[in-house]
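# Fold and contact review
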Amino acid sequence: MTHNRVTKIRNVVCIVFSVLLAGTLAYMIHTNNQEQKIREEAIEELQTEARPYEIELRKLEDELEDLENITYSSEKAEIMIGFIISDLADISYIENKSEVYGFEPVLIIDCEMDLTSVESFINAADNWEIMLYADNFSASTNDSVLIVMDYLNSIEREHTGVFLIRNSSMNTVTLQLIKDDGFIGYTTYHESAPQSGQTSDGYVYFDYVRIASDDSFDSMSNYLSWLYANKTSMLLAFDMESINSGNAAEESVINLIDIAKSYIEYDDCSFSTVAEVVAELQQINQTEEDLKTSNEERIEEIRERIDELEIIIQEIYSKIEY
């Protein structure tokens, strides 16, 4: 009897202890849930308090990014048609093409040719724009460029001020040399896509494509399409020596100019002179600078307000108790 009674008492004690433990755990869980709920509600209240400041902060950050990266681009595509002359007889060919298609030709002259030939080309192409280049330009051939420039000055004839640089000669030394010579810009070739603009030191640039064989025509349609879509500028430079030798068929020349002409039918594309393109690029850069200058005060205001908002938001969330 005594043993059974002890066993019953022990069972009762175990049951009571289990009930107490379960109750304690339930109370603790309930208390913890209540505290968690209170904490979550407090965080929600702080988030609600911070939300308008966070919204304002995001809007100001977006506005600041737009103002700091503001760009102004041309509203039209511009195509220049040039010819790398090799013989005096090329003049009549160029005249014919310019009259038929309605463009002002750019006469591209290799300054490394003998001066007598260069002089005859210049004098035969009255009123045409003249662009200079050297087929293998370097510091050692720069004197040839200066000689041609001196001749132009002696007859009071201007050149475009833009130097054509072949890819093989494109480097910082070349750029510095032509800048020292007084050129205001350059044209070169990019394999990826035509580019045009003005450097931070005011140097204008645009792309050219040298058309020296029928293979050159294969990608021209894509280049012109990209040119038109992105409203940039490009010079089509027909190599007359290649045309005369048959490497670039006459039919291919006509087809390419026809493609260019098809874009001219649109109001936002035109045949342009180098002078017009240079003026446009300089205007675009000036407009960008004017816009940035006019926005400087607003940019400063935004930065100050962003600093204030970040402090306010940080102070709000610092009230959270962990």
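Up top is the structure.
Residues numbered from 1 in each chain as written. Predicted model: local features only at pLDDT ≥ 70, side-chain atom pairs only at ≥ 80, totals over all residues. Heavy atoms only, no water.

## A word on the pattern of salt bridges
Counted only if it meets this: By convention in these notes, a salt bridge is any Lys or Arg side-chain nitrogen within 4 Å of a carboxyl oxygen on Asp or Glu. Each helix is a run of DSSP H or I of at least 4 residues and each strand a run of E of at least 2, with the numbering of both proceeding from the N terminus.
Under the counting rule described, the total for this entry stands at 10 salt bridges. The salt bridge involving Glu63 is made with Arg298; its shortest N-O contact spans 2.9 Å. Placement of the pair is Glu63 in helix 1 (residues 2–68) and Arg298 in helix 9 (residues 274–317), with a sequence separation of 235 residues. What emerges from the salt-bridge pattern is a single network uniting Asp135, Arg166, Arg210 and Asp239.

## Describing the pairing of strand 2 (residues 106–110)
Using the following cut-off: For every residue, the accessible area (1.4 Å probe, protein chains only) is compared with the maximum for its type, and the residue is labelled buried under 20%, exposed over 50%, or partly exposed between those bounds. When DSSP finds at least two bridges between two strands, those strands are taken to pair. Whether a crossover is right-handed comes down to one check: with the strands pointing away from the viewer, does the path from the first strand over the helix to the second run clockwise; if it does, it is right-handed.
Here strand 2 lies mainly inside the structure; 5 of its 5 residues are buried. Pairing between strand 1 (residues 77–84) and strand 2: 3 bridges, direction parallel. Residue pairing across strands places Gly82 opposite Val106, the latter belonging to strand 2. The β-α-β motif built from strand 1, the intervening helix 2 (residues 90–101) and the parallel element strand 2 has right-handed crossover chirality. In this structure, strand 2 lies alongside strand 3 (residues 129–133), joined through 5 bridges in parallel fashion. Residue pairing in the sheet places Asp110 in a bridge with Tyr133 of strand 3.

## With respect to the environment of Val209
Inclusion rule: Throughout, a residue-residue contact means that at least one pair of heavy atoms, one from each residue, lies within 4.5 Å.
You can see Val209 is positioned in strand 7 (residues 204–211). Ignoring any residue separated from it by four or fewer positions in sequence, one finds Val209 in contact with Tyr189, Met220, Tyr223, Met234, Leu235, Leu236 and Ala237.

## Things to note about the packing of helix 2 against helix 8 (residues 250–264)
For clarity, the cut-off: An axis is simply a line fitted to the C-alpha atoms; with a helix, the fit covers only the stretch in contact. Between two such axes, the angle follows the N-to-C directions and lies from 0 to 180 degrees. Each crossing gets its handedness from the near helix: less than a right angle anticlockwise from the far helix is left-handed, clockwise is right-handed. Basically, the charged four are Asp, Glu, Lys and Arg, the nonpolar ten are Ala, Val, Leu, Ile, Met, Phe, Trp, Tyr, Cys and Pro, and anything else, Gly included, counts as polar.
Close contact between helix 2 and helix 8 brings their axes to 11 Å; oriented N to C, the two are set at 35°. Crossing geometry of helix 2 relative to helix 8 is assigned as right-handed. Of the residues in helix 8, those in contact with Tyr93, Lys97 and Tyr101 of helix 2 are Glu250, Val253, Ile254, Ile257, Asp258 and Lys261. Across the contact of helix 2 with helix 8, the residue classes break down as 5 nonpolar, no polar and 4 charged.

## Digging into the packing of aromatic side chains
Here is the rule we go by: Two aromatic rings, drawn from Phe, Tyr or Trp (for Trp, its six-membered ring), form a pair once their centres lie within 6.5 Å of each other, and the interplanar angle then sorts them: stacked below 30 degrees, edge-to-face above 60, tilted otherwise. Whether a charge sits over a ring depends on NZ of Lys or CZ of Arg being within 6 Å of the ring centre and within 35 degrees of the ring normal.
Tallied over the entire structure, the rule returns 9 aromatic pairs. Ring pairs connect the aromatic residues Phe83, Phe103, Phe238 and Phe271, which therefore count as one cluster. Lying over the aromatic face of Tyr93, Lys97 brings its terminal NZ or CZ to 4.4 Å of the ring centre. Looking at Lys231, its charged tip hangs above the ring of Tyr228, at a distance of 4.0 Å from the centre.

## A short note on the nonpolar core
Burial of nonpolar side chains together is a common tendency in soluble globular proteins. Stated formally: As used here, the term nonpolar core means buried Ala, Val, Leu, Ile, Met, Phe, Trp, Tyr and Cys residues forming a set that is joined through side-chain atoms within 4.5 Å.
Among the nonpolar cores identified, the biggest contains 73 residues, and Ile79, Leu132, Phe163, Leu236 and Phe238 are the most heavily contacted of them. Leu64, Ile299, Ile302 and Ile313 belong to the second largest nonpolar core, which has 9 residues in total.

In short, geometric facts, not functional conclusions.
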